[in-house]
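Geometric and topological summary
Here's the letter readout for the chains.
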Amino acid sequence: MFPKRRQTSTVSIGTLKIGSTEPIRIQSMLTSDTTDIEECIAEITRLDKVNCEIIRLTVPNQKSVDSLHAIRSEMEKRGIQRPLVADVHFNPQLAINVCEFVEKVRINPGNFVDSKKFEAREYTDKQYQEELARVEEKILPLISNLKKYGCALRVGTNHGSLSDRVMNRYGDTSKGMVESALEFLRILRKHDFEETVLSMKSSNPLVMIQAYRQLVIAMESEEMYYPLHLGVTEAGNELDGRIKSAVGIGTLLCDGLGDTIRVSLTEASENEIPVAQSILQSTRARIYNTDFISCPSCGRTFFDLETTTAQIKAFTSHLKGVKIAIMGCVVNGPGEMADADFGYVGAGPGKINLYCGQTCVERNIPSVQAVKRLIELIQEHGKWVDPA
Ligand code: SF4
């Protein structure tokens with residue numbers, strides 16, 4: 001069972017597409033200084049090896065823009081064809097300049113034009129409209145260059161950096177995040193720019209989940225169907241970072257939302273990719289390898305479930321999309337292994353039953369032969385491929 005995915009437009013990031021029926025793309029961001037070509041290329045190579053599909057780098061100054069040509073040509077020499085995304089804050093001119101060298105530009109609507117002053121003042125409707133006119137004026141040259149170079153745009157809203165204008169009117173809320181994005185979307189649409197992707201990041205998964213859900217409703221009411229980039233920002237490291245990302249991104253994927261994901265970890269960027277793949281696999285949003293279902297074992301288990309599971313995984317983890325259950329006992333195992341294609345179920349001391357779907361096809365096999373017989377069963381049912 002797969003979550004029914006929200007229908008979106010398709011956005012091209014160079015030759016790679018996002019949205020609609022395209023696979024949910026995995027991306028990451030370099031931690032290297034963009035002006036350090038050697039370090040960037042080493043990091044891009046590591047990300048490429050683990051199948052990171054889109055690579056973002058920070059562009060805080062013109063020197064970084066100037067480095068992109070060299071980065072691109074080094075990538076070409078190494079046969080690395082990943083699209084690059086430039087992350088720009090505070091400086092509309094850099095966003096304009098960088099369009100020539102990347103496939104996508106990310107801007108933050110909270111700081112693209114506005115610098116954070118947070119002068120506590122009420123905006124009259126007239127003042128608010130004047131501010132929006134200023135945003136429009138500043139974004140027009142960017143739209144022009146995005147179109148000229150076939151570049152996509154991410155309007156990347158962050159909970160922690162909403163503009164004074166939005167903060168004063170909507171407060172530090174998910175509604176404020178949504179409005180922040182919509183202001184930009186309406187201007188982009190008015191000027192016929194549709195290659196847009198949206199994000200609503202927060203370090204708090206609950207805020208982030210709420211903001212994405214509200215954004216989708218708000219966009220639908222204006223007949224906007226732009227793809228979504230999902231992420232929990234500043235999620236942290238190790239277990240905390242992984243769990244926060246899994247909760248935030250995974251919940252939305254189960255809603256059928258999300259077209260590209262980034263797991264933000266305070267670790268080497270390549271560490272983010274297996275976590276992203278695992279979140280996609282666990283939510284069945286994109287299948288990378290075998291789906292394993294195994295019980296925790298209990299007093300009813302008569303074999304070493306942990307060792308046996310590891311052994312079965314070692315032989316079968318390359319079988320993309322095949323679901324294999326390893327269950328401790330026949331009392332609850334068959335019922336609990338849900339939609340598994342094959343089941344390995346303890347039948348008593350030293351005995352194993354094998355299942356195809358919900359049907360027991362072999363009973364009381366000596367456990368020493370059972371893993372081999374499970375593999376034969378997978379082969380007999382045409383689900384086996386040799387490991388690469
Ligand atoms: S499937 Fe059986 S062995 Fe596994 S946890 Fe449930 S009752 Fe225990």
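So, here is what we can say about the structure in this document. Model, not experiment: these values are computed from the prediction.

**Comments concerning the packing of aromatic side chains**
Evaluation of the coordinates by the stated rule reveals 3 aromatic pairs. Taken together, a centroid distance of 6.1 Å and an interplanar angle of 75° make the contact between Tyr123 and Tyr128 edge-to-face. In terms of burial, Tyr123 and Tyr128 fall into one category: buried. On the numbers, 5.8 Å between centres and 70° between planes, the contact of Phe303 with Tyr344 is edge-to-face. Residue Phe303 is found in the loop between strand S11 (291–294) and helix H10 (305–316), and its partner Tyr344 is found in strand S13 (residues 342–348); the two are separated by 41 residues along the sequence. Both residues of the pair, Phe303 and Tyr344, count as buried.

**With respect to the site of the ligand**
Close to the ligand lie Cys295, Pro296, Ser297, Cys298, Arg300, Thr301, Gly328, Cys329, Asn332, Gly333 and Glu336. Along the lines of polarity and charge, the residues of the shell around the ligand split into 4 nonpolar, 5 polar and 2 charged.

**A short note on a nonpolar patch on the surface**
Nonpolar side chains collect at one region of the surface, where Leu239, Ile243 and Val247 lie side by side and expose about 280 Å² of accessible area between them. In this structure, Leu239 sits in helix H8 (residues 238–254).

What counts as what
- Residues numbered from 1 in each chain as written.
- Predicted model: local features only at pLDDT ≥ 70, side-chain atom pairs only at ≥ 80, totals over all residues.
- Heavy atoms only, no water.
- Phe/Tyr/Trp six-rings, centres within 6.5 Å; stacked < 30°, edge-to-face > 60°.
- Buried < 20%, exposed > 50% of the residue type's maximum accessible area, 1.4 Å probe, protein only.
- Helix = DSSP H or I, 4+ residues; strand = E, 2+ residues; numbered from the N terminus.
- Near = heavy atom within 4 Å.
- Nonpolar A, V, L, I, M, F, W, Y, C, P; charged D, E, K, R; others polar.
- Patch = residues over 30% accessible without salt bridge, like charges linked within 9 Å, V, L, I, M, F, W, Y side chains within 5 Å.
- Areas by Shrake-Rupley, 256 points an atom, 1.4 Å probe, with all protein chains shown as cover.
- Salt bridge = Lys/Arg side-chain N within 4 Å of Asp/Glu carboxyl O.

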